[in-house]
Structure formats: structure tokens, C-alpha cells
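Structural features, examined
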Amino acid sequence: MSTSASPRRAVVVGAGMVGLSTAWFLRRAGLDVTVLEQDRVAAGSSWGNAGWLTPPITTPLPEPAILRSGVRALVSPASPVYVPLRPDLDLLRFLLGFVRHSTGRAWRRAMAAYVPLNRRALEAFDVLAAAGVAEPTVPTGDFLACYRRPGQRRDLLEEFAAIRAAGQPVEAELLDGAQLRALAPALSTEVTAGIRLAGTRFIDPPRYMLALADTVVAAGVELREGVRVLAVDGGTETRPALVRTRPTQPVPGGSETEAPARRDGEEILRADVVVLATGAWLGELARPFGVRMVVQAGRGYSFTVPVDPMPTMPLYFPIQRVACTPLGGRYRVAGMMEFRRPGDPLDPRRIKAIVDATRPLLAGDLDDRVDEWVGSRPVTPDGLPLIGPTRSPRVVAAGGHGMWGITLGPLTGQLVADLVTGGQVPAELWPFDPLR
Ligand SMILES: Cc1cc2nc3c(=O)[nH]c(=O)nc-3n(C[C@H](O)[C@H](O)[C@H](O)COP(=O)(O)OP(=O)(O)OC[C@H]3O[C@@H](n4cnc5c(N)ncnc54)[C@H](O)[C@@H]3O)c2cc1C
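Everything in this summary refers to the structure shown in the same document. Here the structure is a predicted model, which is why all the values come from computation and not from measurement. (Residues numbered from 1 in each chain as written. Predicted model: local features only at pLDDT ≥ 70, side-chain atom pairs only at ≥ 80, totals over all residues. Heavy atoms only, no water.)

1. What about the sheet that holds strand β11 (residues 227–233)?
Sheet architecture is open: 3 strands sit in the order β11-β12-β13, paired in antiparallel fashion. Looking at strand neighbours, the two that pair on one side only are β11 and β13 (267–271), the edges of this open sheet. On average, adjacent strands in this sheet sit at an angle of 30° to one another, irrespective of strand direction. Where β11 lies against strand β12 (residues 241–247), 6 bridges are found, and the strand directions are antiparallel. (Pairing = 2+ DSSP bridges. Helix = DSSP H or I, 4+ residues; strand = E, 2+ residues; numbered from the N terminus. Axes fitted to C-alpha atoms, helices over the stretch in contact; angles between N-to-C directions.)

2. Some thoughts on the sheet that holds strand β9 (residues 200–202)
Strand order across the open sheet formed by 3 strands is β3-β9-β5, with antiparallel pairing between neighbours. The sheet is open, and its two borders are formed by β3 (52–53) and β5 (138–140), each paired with just one other strand. As paired elements, β3 and β9 share 2 bridges and run antiparallel to each other. Within β9, the residue paired with Leu53 across the bridge is Arg201.

3. Focus on the site of the ligand
Neighbouring the ligand are 37 residues, the closest being Glu37, Ser46, Gly402, Met403 and Thr407. Residue Val229 places a main-chain N or O atom 3.0 Å away from a nitrogen atom belonging to the ligand. In isolation the ligand has 1000 Å² of accessible area, and contact with the protein removes 98% of it. Elements supplying a minimum of two residues to the shell around the ligand: α1 (17–28), β2 (32–37), β11, β15 (296–305), β19 (370–379) and α12 (405–422). When residues of the shell around the ligand are assigned to their parent elements, the largest contribution, 4 residues, is made by β19. Across the shell around the ligand, the residue classes break down as 19 nonpolar, 15 polar and 3 charged. (Near = heavy atom within 4 Å. Polar contact = N/O pair within 3.5 Å; in protein donor to acceptor, adjacent residues only side chain to side chain. Areas by Shrake-Rupley, 256 points an atom, 1.4 Å probe, with all protein chains shown as cover. Nonpolar A, V, L, I, M, F, W, Y, C, P; charged D, E, K, R; others polar.)

And the structure:
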């Protein structure tokens, strides 16, 4: 499959990690690039996430252990995975597909697709750093998975063995409670066992995303926030694609006479290539181009709290499915997988569930919460993102990274730019064909 010949002008829809990275790599390749964002930079999942850059454990989500936790766990509001009792048709399709892919065989096939991406994921961050992204990626040899009992480590250790069998190195070491507390004194004495994982980094997602946006703009990309894409016409081999937009917020600075027309007015942009990087909203614009796979919002929650002494590394509580990351002076605590619509309001019961799960394990003031946030992971039933050309050679999908769009966002952008400028789908992207 090839894309349009010698594209000069690209429109990227969505200013999350995937969209902004793609815009930067396309610009580096010499294209004129406009990014359209219905809200503001990182308004989707790229803001309140845990910021882990963890290629060693970047794996497909559907796996047999998820099903072992049982259907009852899925419908309890306090469970780390939550499905509403009255799912809609798309959600049913998603769940059935997800269950079908939660086998050892499907996981191994999907994992084999992740390995080549994981190998290069951190290098792509280094390219962005060299381009001037002012916010660092922080290397840590002390990423810690923490448990109440040593036996609870079994699932993760089995997963490590399966990851290694897929050809990806995982360097890990078993620690006891005292060793863990020597590294992270804020862990409570209820934590008696853990695993230290090497080869990871982390970012402060809000700061990183704003720094990335600055770099993208400095490189000459036009970034337009508050502009929603209503529809895309994929054009033909000889006719450019058309992108129909409408402002979602008043345009400041317009004169009395021109402001109302611009405020309500739709606009049509022409582009040789359009990249859809709309995260959990991918289906809306991609479906007319033959992308049938459901992209379901897997909503996660986060907040920040003071922790004393402040851990210098991310902490992971796998049984509780809680992920923590240092962000400046506060600690971000994140978790939950709630299969609801992306625009639904924040449900305080999920925040409470994360607090209740974390409080016994960490010496933080979990009542002094700020930045309570909900955002939508773009989750696919087979656990693989959708990256590549669609039925229109001018429309490229880049989304559906589920749990791992931060880790894999920059490399995705790099590979999409290779695809757009080279006219051929790079081999690493073959398993992620959006038309599968
Ligand atoms: C709690 C939580 C913790 C996480 N932790 C990690 C982690 O530690 N490491 C990791 O790798 N990943 C993590 N993730 C996953 C990661 O956040 C996502 O995979 C990633 O942010 C997806 O990026 P994206 O650019 O595809 O989508 P988004 O960031 O959601 O961006 C899509 C953008 O498109 C815009 N948009 C949508 N439709 C339109 C339209 N029609 N017109 C214009 N704009 C539109 C949206 O407003 C949005 O800004 C976590 C997620 C959650 C929820």
C-alpha cells in the first residue's frame, strides 16, 4: 500500500502525543504542516497519564490474566476495571473482540508486533530532545513494582518470561520490603515484596506536552487549537483531501464585523495527506475510510498528592492497578480502566477507589488531592494500535495505542512520517494495518 506521491502539505488532526510527534517528524521531512485540535494541546489522554516510558513492559492489553479477574470484578465501581451494566453496541463489539483476543496465542502474536517498536521507542524521544524539547525524559534504574505478598509477583514474573520469549530483554531483580523502603521510604510496611525493573524513563506529561508543542511550533508547524474537524473527504490520486472544520471556541481578536462570521463559520482546508491522531475519538473520522475496528475509550483517572519523603521514581502497584510518578513537588497517582464514552463526566467513585487502594501502601496525604482528572485511553480489541494508510491513500490513521501512547507516540510519529514521505509502509507498521 502506498500513499500519495510527493506530498507537500499535511493536516494532522489531534494535538496529543501522537499528533504532535507526527507533526514534528513531517515538518522535519520538509512538509507544510497544520495541526488541528478541537480543544487545547493534550486535552485528551496525553495530559493526566502516568508518564511512564517503559518499553520493557509495553505489551498488548488483552491477556489471559485479565479474564481470570472475573466478570464480577468488571461491574463493581470499586474494581480497577469497570464496565457499565448497560453497554452500547460498539462497547459490546469491543468487549467480545477483547475477550476473543485474551488468549496466550493472540497475546504472543501481538507481542511479536510490539517488540520492534519497543526496541526503538526511547530513541525517538532522544530525537525530539535533540530538536529542542526543553522538558527532559528522566532515566531510572529503580522503577519499582510493589506487593503485599511475595506470591503476588507470580503474574508479572510470568509475563516477563513471556516477553523475553518474544525476543525482548527484561532486566528485573526481586526485592524484599526493607530493600524497597531503602529506595522509596514512603512505602508502608504492608509492602513486603517487589520487583525492580531496569531500562525505563519517565516524563512529567503536562510539562512535556507543552514543551513538545513549543518545539513543534518553533519548527514552523501551524498549531490551531479550538478547531474541530467535522469530516474529511479523502480526495483522489489527483485531487487533494479536504478537511472540513469548525471553531469550538470564540476566535479572540476578530473585529466586530468579522467575528460572528468566523465564530460560526466552517472552513475547508486542502491537504495532500491527512493524519488522524484523534485518540479515543479515532473511529468518528476514520470509519468512512474503512477502519472498522472499534476504538473504545478506556478511561483512567489521576490526581496528585504530597508524599513525604517524595519518591524519586515511579511506583507500580500491580494488584491494585495503580501507577505513580513524581511530578515536580507532588506525586501523581493514576489508575482505573473504565469503559465509558470519552465525554462522560468524572465519576468521584473511581477517585475514591484509587485512594482506598493506595492509602494503605503509601505514606502520602491522599486527601490533599489536586488536579483530579479523567482521560480516555484509546483501546482496541486486539491490543494493537491502528497505524497506516486507510482506504484513501491520502488519509493515514495513527491511534489506538491504549495503555502505551506516551511511550510509543514519538516513534509512531517518526514511522508515519517515513510512510508519508517514502510512500511505503515501513515493515514495523505492517501488523498495525488500520484496515485489518
Ligand atoms: C490514567 C492513565 C495513565 C496512563 N499512563 C501511561 C503511561 O504511563 N505511559 C504510556 O505510554 N501511556 C499511558 N497512558 C496512555 C496514553 O495516555 C495514551 O495512549 C496516549 O496519551 C494517547 O495519545 P494520542 O495522541 O493518541 O491521544 P490523545 O492524547 O487523546 O489526543 C487526541 C486528541 O485529538 C483531539 N481530537 C479528537 N477528535 C478531534 C476532532 N474531530 N477534531 C480535532 N481534534 C480532535 C482530542 O481533543 C485530543 O486532544 C495512560 C492513560 C491513562 C488514562
